[in-house]
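Coordinates in review
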Amino acid sequence: KGIKREILLEAVSNALLSASKKAVGPAKDLRIDINPKTGAIRAMANLLVVENVRNAHDEIALTKARSVKPDVQLGEVIEVEVTPANFGRIAAQTAKQAMMQRIRQAEKEMIYEEFKDRAGEIVNGVVRRFERSDLIVDLGKFEGVIPARERVSAEDYNVGDRIRAYVVAVENGARGPEIILSRSHPNFVRR
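What this report covers is the structure whose coordinates are included nearby. (Residues numbered from 1 in each chain as written. Predicted model: local features only at pLDDT ≥ 70, side-chain atom pairs only at ≥ 80, totals over all residues. Heavy atoms only, no water.)

1. Details of the pattern of salt bridges
What the rule picks out here adds up to six salt bridges. With a closest N to O distance of 3.0 Å, Arg118 and Glu121 form a salt bridge. The exposure class of Arg118 is partly exposed, given its relative accessible area of 26%. For Glu121, a relative accessible area of 30% translates into the label partly exposed. (Salt bridge = Lys/Arg side-chain N within 4 Å of Asp/Glu carboxyl O. Buried < 20%, exposed > 50% of the residue type's maximum accessible area, 1.4 Å probe, protein only.)

What follows is the structure, encoded as structure tokens:
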């Protein structure tokens, strides 16, 4: 879909970070390490080396810490892998959701980039459906909207009709970019 690999990797690691916070618990400085070549995923946390562990989320016993780093001292902070046992399944689900969300967002950005300079042009489309009083027009890759105020009162529209319309504006709304079309705009006839 033409979305950069780095953007997706960032989206996946952010998603996995929130997933691992649920799975691992509120560990300090939790970070996700994704190997870009192998795709191996590890959850890493900075833990304080102590004699007696009182808080398992933030501390690690000296004996356990020595197995990770042999010359570690009390009071030191070391990075330890804390990937939970059943993390694979949770991670896969969360990563999928995050990727889908990021892909949709990137697609919306691409629509906006492609259409933002096309205000004032005439486009061809097919009437797809009616939403409240708006007419939704399929423009190929994208959908445009003809609000009730931009329609000619004498015209009747049916689903499947091929129509031409004038691009009034491309707005970046809350639900993504909206392509506002018109058949009653004075410039429609001029064009």
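Anyway, onward from the coordinates.
2. Here's the deal with the pairing of strand 9 (residues 176–182)
For strand 9, a buried count of six out of seven residues is recorded, marking the element as mostly surrounded by other parts of the structure. The sheet contact formed by strand 7 (residues 143–146) and strand 9 spans two bridges and is parallel. What sits directly across from Val145, in strand 9, is Ile180. Note that strand 8 (residues 162–173) and strand 9 share seven bridges and pair antiparallel. Bridge assignment links Ala169 to a residue of strand 9, and that residue is Ile180. Here strand 8 folds back onto strand 9 in antiparallel fashion, the turn holding two residues. (Helix = DSSP H or I, 4+ residues; strand = E, 2+ residues; numbered from the N terminus. Pairing = 2+ DSSP bridges.)

3. Considering the environment of Ala165
Take Ala165: it is sitting in strand 8. Classification of Ala165 by relative accessible area gives buried; the value is 3%. Taking the C-alpha atoms as reference points, Ala165 and Arg149, separated by 16 residues in sequence, lie 14 Å from one another. Residues contacting Ala165, with those up to four places away along its chain left out, are Glu121, Ile122, Val123, Ile146, Leu181, Ser182, Arg183 and Phe188. (Contact = heavy atoms within 4.5 Å.)

4. Side note on the sheet that holds strand 7
Taking strand neighbours around the barrel as the criterion, the five strands line up as 5-6-7-9-8 in a closed arrangement whose pairing is mixed. Recorded for the sheet is a direction-independent mean angle of 50 degrees between the axes of neighbouring strands. (Axes fitted to C-alpha atoms, helices over the stretch in contact; angles between N-to-C directions.)

5. Topic: the nonpolar core
In summary, soluble globular proteins display a tendency toward joint burial of nonpolar side chains. By size, the foremost hydrophobic cluster in this structure holds 16 residues, and its most contacted members are Phe115, Leu139, Ile146, Ile163, Val167, Ile179 and Leu181. For this core, the secondary structure elements donating two or more residues are helix 3 (87–115), strand 5 (122–131), strand 6 (134–138), strand 8 and strand 9. Sort the elements by how many residues they give to this core and strand 8 lands first, with four residues. Once residues lying within four places of it in the same chain are set aside, the contact partners of Ile163 are Val123, Asn124, Gly125, Val127, Leu135, Val137, Ile146, Tyr157 and Arg183. Formed by 10 residues, the second largest nonpolar core is a distinct cluster that contains Leu30, Leu47, Val72 and Ile78. (Core = buried A, V, L, I, M, F, W, Y, C linked by side-chain atoms within 4.5 Å.)

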